[in-house]
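# Residue-level structure breakdown
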Amino acid sequence: MAKQFKPETLCVQAGWTPKKGEPRVLPIYQSTTFKYDTSEQMARLFDLEDSGYFYTRLQNPTNDAVAAKIAALEGGVAAMLTSSGQAANFYAIFNICQAGDHFVCSSAIYGGTFNLFGVTMKKLGIDVTFVNPDASEEEISAAFRPNTKALFGETISNPSLEVLDIEKFARIAHSHGVPLIVDNTFPTPINCHPFEWGADIAVHSTTKYMDGHATSVGGCIVDSGNFDWDAHADKFPGLCTPDESYHGLTYTKAFGKGAYITKATAQLMRDLGSIQSPQNAFLLNLGLETLHLRMPQHCGNAQKVAEYLSKNEKVAWVNYCGLPDNKYYALAQKYMPNGSCGVISFGLKGGRDVSIKFMDSLEFIAIVTHVADARSCVLHPASHTHRQLSDEQLMEAGVRPDLIRLSVGIENADDIIADIEQALNA
Ligand SMILES: *Cc1c(COP(=O)(O)O)cnc(C)c1O
């Protein structure tokens, strides 16, 4: 679908454009396989000479329609759905890095990604250097090596809620001849367009706001098509030299701006197989149809809740980039002028025990291991995701012992604040 449509129209209309007599609503192609008339037709698909469906591990029409919608929303040229956000982040790096390679990554990222990059990818021989995203360009540049293949950051980090200076990161990446990959999960393409600020590839955990109803784990990788792989061909042999597992085809020559996503599909998805089920892609599409309505409600509610908390004397501190005294307010205004996300963190006076009592006293705001869905929810990392750590270790990991992560839903803001107030008074 053409890019001139506004995001609201893309959310509803992009990806699936039925022809005469076809279903108006995107169907679930619940089929592992697809039929052809001749052996020759099938052979051409395997040689990547024709495009078409043959096996759902590689491509499925439901998934492709949803990927096309997300690509349109991000302003990219191509996208691929994955089974989870973790799989998307793994593929995004592994598509251009192999054993012996290195990449640089902001230290303000999701804990699961931190573990994937810092522990599991190291076991595959891919090394990472974590950098403080607020450090100077010189300091961050010092982490680059001759074998560095990418720079990675998160638009708004989960759960520390730091805002990435995307333009600065893009300048650093490009001055070293590598792409900038940005995890844009928290703002979604409704609130932030990383490609307009120089990012080359965007990744998403679609599990969060995109699905938005806490029904389906999923991920997505989107390519802007802007990075010139051939200009740095020595760094990216996987894209710029013949792939022996595809009869000597060279991705950049055969697919141009589609090279990165085609390689991720034809090679990584073929071999590793973390495909999203068409059923989940269907549910993700339903979520996307209302993303443009839900994001402003999440952000408006979060702003009201953050302002309420920052005025309450029982609250020790509040972290939300929509508050003018927040460290990241100016960056948030620059990159996300219409709102950031619905996630807030805060601490209560009295520390860990008071936090636990508060959470147990909440009525409809539920204690769950999730963020970014329609229902308001809380998590206390010190008692849940990080419970094996001492208070000292928590501080080292950048998680204060009293930190409560509150994901503000799309209910009525006054009702959310009333639930918080009665729990604070309990
Ligand atoms: C949740 C999350 C992930 C991981 O996604 P899953 O879908 O849970 O695998 C990655 N990045 C960010 C920013 C997240 O919030």
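Not measured: the values here are computed from a predicted model.

### Some details on the packing of aromatic side chains
All chains considered together, the criterion is met by 14 aromatic pairs. Both rings, one in Phe-90 and one in Tyr-91, keep their centres 6.1 Å apart while their planes meet at 65°; by these two values the pair is edge-to-face. Here the two residues Phe-90 and Tyr-91 agree in accessibility, since each one is buried. When the centroid spacing of 5.6 Å and the interplanar angle of 5° are considered together, the rings of Trp-229 and Tyr-260 count as stacked.

### Comments concerning empty space enclosed by the protein
Per the stated rule, a full pass over the model turns up one cavity of 30 Å³ or more. Put simply, the largest cavity is a space of about 40 Å³. Every residue along the wall of the largest cavity is listed here: Ser-106, Ala-108, Pro-133, Asp-134, Glu-154, Glu-162, Val-163 and Leu-164. Broken down by class, the residue content of the lining of the largest cavity amounts to four nonpolar, one polar and three charged.

### Some details on the pairing of strand β5 (residues 180-183)
Here β5 shows a buried face lined by Leu-180 and Val-182 and a second buried face lined by Ile-181 and Asp-183. Each parallel crossover has a hand, and for strand β4 (residues 148-154) linked through helix α7 (residues 166-175) to β5 it is right-handed.

### Considering the sheet that holds strand β9 (residues 343-348)
The strand order β8-β9-β12-β11-β10 describes an open sheet built from five strands, whose pairing is mixed. The two strands at the open ends of the sheet, each matched to only one other strand, are β8 (315-319) and β10 (366-367). Strand direction decides the pairing type here: strand β11 (residues 377-379) and strand β12 (residues 404-407), joined by three bridges, are antiparallel. Bridging across to β12, Val-378 finds its partner in Leu-406. Relative to β9, helix α13 (residues 291-311) is tilted by about 15°, and along the sheet it contacts β8, β9 and β12. Set on the sheet, helix α15 (residues 352-361) makes contact with β9, β10, β11 and β12; between it and β9 the angle comes to about 125°.

### Here's the deal with the nonpolar core
In this structure, Ile-70 and Leu-180 are the most contacted members of the largest nonpolar core, which totals 57 residues. If one sorts the elements of this core by residue count, helix α3 (residues 61-74) sits on top with seven residues. Counting the residues that make up this core, at least three belong to each of domain 1 (7-287) and domain 2 (294-425). When residues no more than four places from it in sequence are discounted, the contact partners of Ile-70 are Leu-81, Thr-206, Met-210, Cys-220, Val-222, Leu-284 and Leu-288.

What counts and how
- Residues numbered from 1 in each chain as written.
- Predicted model: local features only at pLDDT ≥ 70, side-chain atom pairs only at ≥ 80, totals over all residues.
- Heavy atoms only, no water.
- Phe/Tyr/Trp six-rings, centres within 6.5 Å; stacked < 30°, edge-to-face > 60°.
- Buried < 20%, exposed > 50% of the residue type's maximum accessible area, 1.4 Å probe, protein only.
- 1 Å grid on protein atoms, 1.4 Å probe; cavity = no way out; pocket = protein on both sides within 12 Å on 5 of 7 lines; lining within 4 Å.
- Points joined across faces, edges and corners; volume = space filled by probe spheres on them.
- Nonpolar A, V, L, I, M, F, W, Y, C, P; charged D, E, K, R; others polar.
- Helix = DSSP H or I, 4+ residues; strand = E, 2+ residues; numbered from the N terminus.
- Right-handed = clockwise from strand over helix to strand, strands pointing away.
- Pairing = 2+ DSSP bridges.
- Contact = heavy atoms within 4.5 Å.
- Axes fitted to C-alpha atoms, helices over the stretch in contact; angles between N-to-C directions.
- Core = buried A, V, L, I, M, F, W, Y, C linked by side-chain atoms within 4.5 Å.
- Domains from an automatic or database assignment.

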